[in-house]
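Architecture at a glance
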Amino acid sequence: MDSDDIAPIAILMDELRSEDVQLRLNAIHSIPTIALALGPDRARDELVPFLQDSIDDEDEVLLALAEELGRNFEQYIGGSEYAHLLLAPLENLSSVEETLVRDKAAESITKIAAVLSNAQIEEYCIPLLKRLSGAEWFTSRTSSAALYPAVYDRVPTAIQDDLRKGYAALGSDDTPMVRRAAAKWLGPLLLKFSDPHILSDALPIYRRLESDDQDSVRLLTVEDLIAIAGKLKQSEIKEQLLKQIRHSISDKSWRVRYMAATHFNELAKAVGKEITREELIGQYVQLLKDNEAEVRTAASSQIPGFSELLEKEVILARIVPCVRDLSQDSSQHVRAALAMQISGLAPLLGRESTIEHLLPLFLQLLKDDFPEVRLNIISKLEIVNNVIGIELLSENLLPAIVELAEDKSWRVRQAIIEYIPPLAKQLGKPFFDEQLGNLCMSWLGDTVYSIREAAIVNLKNLTDVFGVDWSRSAIVPKVMGMGQHPNYLFRMTTVQAITIIMPSLNLDIVRSEIIESLLQLASDPIPNIRFNVAKSLEVLLSAYGNTSEGEAFVQQRILPVLEQQKNDQDADVRYFAARALQKVAVAT
């Protein structure tokens with residue numbers, strides 16, 4: 001064997017022994033390249049054993065190794081028939097102390113199991129799983145839980161029986177971390193169980209974990225509950241699960257109740273409409289009235305989804321009173337969550353009930369002290385509009401919207417701006433001009449740049465909604481008038497507005513209304529304005545320079561100005577002018 005053959009693995013060994021963590025990290029990321037250089041045979045015989053023996057003491061390096069071995073690494077050692085060789089180094093990594101490394105190792109073992117044949121699973125994965133499950137140190141047992149779902153349905157019935165017993169042992173392990181892992185992976189595992197084994201095996205494991213003395217274990221069983229409910233018949237759910245559902249929803253730990261509230265819609269869909277209407281309405285109301293704000297916030301996020309499963313009369317009788325209370329909740333986060341979801345009730349209640357019960361709450365939330373609450377209501381108004389119609393919406397909510405347009409929080413002003421085009425479409429030109437026209441122009445002079453930018457995009461969108469003739473009379477004169485303003489920021493806004501709006505206009509408007517003022521700004525004393533004019537002229541070339549009429553206009557009016565700017569004293573102006581001229585040269 002000559003020195004060239006030894007080189008790749010020798011270099012890797014040297015780098016992995018380096019004191020510099022970054023060098024060791026780079027070495028790990030280069031193992032696919034080294035494996036490629038060695039070829040499949042030597043990668044199997046030399047590289048894999050070396051990786052198995054060289055367990056680093058730095059978690060970051062171990063994490064990178066666990067990740068690399070799961071990235072189709074089997075293709076470098078001869079394909080899936082040899083993929084089982086990668087299990088040994090990953091088994092070592094599954095036992096280390098750092099959780100991130102163990103999780104990544106388990107994930108990579110799962111990926112490798114997917115490419116192994118059933119015979120390989122039985123020969124190599126099952127012994128590995130048994131070693132990890134029965135290991136003395138809890139880290140190995142914790143990692144083993146994640147591997148059961150990957151192999152369970154790939155092995156014969158006799159081994160499946162052993163695996164269920166092994167998993168049950170994890171569910172009653174002395175170490176809370178192992179029981180947490182068992183609770184986390186029970187859901188994915190039981191989806192692979194046959195129906196009889198759900199009742200005989202999955203249910204006892206779930207019940208043991210659901211009554212665990214550690215809330216960190218119990219909170220993970222909420223998703224297991226949903227998975228089990230999805231596999232059982234209605235009669236079986238009533239008989240076997242109702243007690244556990246009540247336990248989770250009224251658990252003494254708020255973290256468990258929070259998980260139940262977060263997944264409540266999934267639970268309701270899993271148990272079906274009949275049980276939801278008989279049993280879960282009271283439980284849900286209980287969560288909406290919980291004494292912990294985090295639980296009420298999570299429950300509020302489920303309101304429209306849960307209400308879809310109920311009759312309209314039940315929503316009005318049970319859910320709407322809770323919504324009314326939540327709209328005055330002491331926690332701003334609860335009110336913000338409610339504001340995001342409340343509009344989803346409008347289609348379920350219909351026009352009359354929305355006007356009677358929800359409209360006052362919208363108005364109240366639009367005037368909330370907390371900006372996020374106002375923001376969330378505004379972002380969902382379109383749903384309400386579709387139910388109650390624009391006339392009522394504008395009559396009741398428009399004054400509040402106009403007030404919010406001058407809100408002290410710029411994010412609220414920005415949300416209002418983004419809502420304007422769809423609102424304008426529904427209001428129609430006359431109403432819009434009368435109520436909101438001046439408001440849209442006033443945003444161009446806002447002190448916050450993001451608002452001025454959003455206001456410009458808004459004008460372009462309005463042009464697309466109402467057409468170029470409306471834009472010619474309502475927008476262009478006001479925008480061009482700002483070009484004469486003594487404050488350079490207003491003049492800058494004019495140039496930026498023209499750049500954005502111009503492609504939506506036509507050459508006639510550009511020639512008669514815009515170009516004169518724009519070319520005057522080409523010699524503005526402020527360099528930022530001059531180079532923005534050059535950028536604007538470049539957009540004009542792209543939009544109109546490809547017709548014969550537009551070409552003549554470019555030659556007569558635009559090119560002389562760009563030639564002049566090409567010799568400007570400011571480097572940025574020269575750069576953007578040259579870029580625009582280059583575009584002309586390419587086009588011609």
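Rules used in this analysis
- Residues numbered from 1 in each chain as written.
- Predicted model: local features only at pLDDT ≥ 70, side-chain atom pairs only at ≥ 80, totals over all residues.
- Heavy atoms only, no water.
- Helix = DSSP H or I, 4+ residues; strand = E, 2+ residues; numbered from the N terminus.
- Rg over C-alpha atoms; globule rule 2.2 N^0.38 Å.
- Buried < 20%, exposed > 50% of the residue type's maximum accessible area, 1.4 Å probe, protein only.
- Contact = heavy atoms within 4.5 Å.
- Areas by Shrake-Rupley, 256 points an atom, 1.4 Å probe, with all protein chains shown as cover.
- Lys, Arg positive; Asp, Glu negative; His and termini not counted.
- Charge placed at Lys NZ, Arg CZ, Asp CG, Glu CD.
- pLDDT = per-residue confidence, 0-100.
- Axes fitted to C-alpha atoms, helices over the stretch in contact; angles between N-to-C directions.
- Parallel < 35°, antiparallel > 145°, perpendicular 65-115°, else oblique.
- Left-handed = near helix turned anticlockwise from the far one by under 90°.
- Nonpolar A, V, L, I, M, F, W, Y, C, P; charged D, E, K, R; others polar.
- Phe/Tyr/Trp six-rings, centres within 6.5 Å; stacked < 30°, edge-to-face > 60°.
- Lys NZ or Arg CZ within 6 Å of the ring centre and 35° of its normal.
- Salt bridge = Lys/Arg side-chain N within 4 Å of Asp/Glu carboxyl O.
- Patch = residues over 30% accessible without salt bridge, like charges linked within 9 Å, V, L, I, M, F, W, Y side chains within 5 Å.
- Arc of directions from axis to C-beta.
- Polar contact = N/O pair within 3.5 Å; in protein donor to acceptor, adjacent residues only side chain to side chain.

**Some details on the overall build of the protein chain**
- A tally of helices and strands in the protein chain yields 39 helices and zero strands.
- The C-alpha radius of gyration of the protein chain comes to 33 Å, more than 25% above the 25 Å expected for a compact globule of 588 residues.
- Overall, the protein chain is about 85 × 80 × 40 Å in size when its C-alpha atoms are taken along their principal axes.
- Looking at the protein chain as a whole, 53% of its 588 residues are labelled buried.
- Excluding contacts between residues fewer than 6 apart, the proportion of contacts in the protein chain whose partners are at least 24 apart in sequence is 69%.
- Of the accessible surface of the protein chain, which amounts to about 26200 Å², a share of 50% is contributed by carbon and sulfur atoms.
- Counting 60 positive and 85 negative side-chain charges, the protein chain places the centres of these two groups 5 Å from one another.

**Regarding unusual backbone geometry**
- The backbone phi angle of Asn-72 is positive, close to 55°, even though this residue is not glycine.
- Within the secondary structure layout, Asn-72 lies in the loop between α5 (59–69) and α6 (87–93).

**What about the environment of Leu-505?**
- Mapped onto the elements, Leu-505 comes out in the loop between α35 (488–501) and α36 (507–520).
- C-alpha of Leu-505 to C-alpha of Tyr-419: the two residues are 86 residues apart in sequence and 22 Å apart in space.
- When sequence neighbours within four positions are dropped, the list of residues in contact with Leu-505 reads Thr-463, Val-468, Ser-471, Val-476, Ile-514 and Tyr-544.

**Regarding the environment of Leu-559**
- With respect to the secondary-structure elements, Leu-559 resides in helix α38 (residues 548–565).
- In the structure, Leu-559 is positioned 90 residues away from Asp-469 in sequence and 28 Å away in space, judged by C-alpha atoms.
- Beyond its immediate chain neighbours, meaning those up to four positions away, Leu-559 contacts Val-554, Leu-581 and Val-584.

**Here's the deal with the confidence of the model for the protein chain**
- Per-residue pLDDT for the protein chain has a mean of 85; in total, 97% of the residues score no lower than 70.
- Per-element mean pLDDT across the protein chain ranges from 65 in helix α1 (residues 3–16) up to 94 in helix α21 (residues 293–300).

**Thoughts on the packing of helix α15 (residues 221–231) against helix α19 (residues 264–271)**
- Two elements in contact, α15 and α19, have axes whose closest approach is 8 Å; the angle formed by their N-to-C orientations is 20°. It follows that α15 is roughly parallel to α19 by the angle criterion. Read as a crossing pair, α15 and α19 show a hand that is left-handed. Touching Leu-225, Ile-226, Ala-229 and Gly-230 of α15 are Glu-266, Leu-267, Ala-270 and Val-271, all from α19.
- Class assignment for the residues of the contact of α15 with α19 results in six nonpolar, one polar and one charged.

**Considering the packing of aromatic side chains**
- The final tally for this structure, using the stated rule, is 11 aromatic pairs.
- Consider the rings of Phe-466 and Trp-470, whose centres lie 5.0 Å apart with planes at 65°: the pair is edge-to-face.
- Relative accessible area serves as the criterion here: at 10%, Phe-466 is assigned to the buried category.
- Here Trp-470 falls in the buried class, since its relative accessible area comes to 8%.
- Counting every residue linked through ring pairs, the aromatic cluster contains Phe-264, Tyr-284 and Phe-306.
- When the ring centre of Tyr-82 is taken as reference, the NZ or CZ atom of Arg-44 above it lies at 3.8 Å.
- The cationic tip of Lys-535 hangs over the ring face of Phe-576; the distance from NZ or CZ to the ring centre is 5.1 Å.

**Concerning the pattern of salt bridges**
- Here the structure, examined in full by the defined rule, presents 34 salt bridges.
- Residues Glu-274 and Lys-238 are paired through a salt bridge, measuring 2.9 Å at the closest nitrogen-oxygen approach. Highlighted residues: Glu-274 in helix α20 (residues 273–288) and Lys-238 in helix α16 (residues 234–240), separated in sequence by 36 residues.
- A relative accessible area of 35% means that Lys-238 is categorised as partly exposed.
- One connected set of salt bridges, linked through shared partners, spans Arg-179, Arg-208, Asp-212 and Asp-213.

**A word on a negative patch on the surface**
- A grouping of Glu-58, Asp-59, Glu-60 and Glu-97 is seen on the molecular surface, where their side chains present a negatively charged patch.
- Here Glu-97 falls in the exposed class, since its relative accessible area comes to 66%.

**Side note on helix α2 (residues 21–29)**
- For α2, the full list of buried residues reads Arg-24, Leu-25, Ala-27 and Ile-28. Seen along its axis, α2 keeps its buried residues to an arc of 160°; they face one direction.

**Some remarks on the environment of Asp-508**
- Locating Asp-508 in the fold gives a position in helix α36.
- At a separation of 3.2 Å, a polar atom in the side chain of Asp-508 contacts the side chain of Arg-472.

**Let's talk about helix α3 (residues 31–38)**
- Looking only at α3, the buried set comprises Ile-31, Pro-32, Ile-34, Ala-35 and Leu-38. Seen end-on, α3 carries its buried residues on one side only, within an arc spanning 160°. Facing away from the buried side of α3, by more than 90 degrees, are the exposed residues Thr-33, Leu-36 and Ala-37.
- Immediately downstream of α3, the backbone of Gly-39 shows phi near 90°, a positive value.

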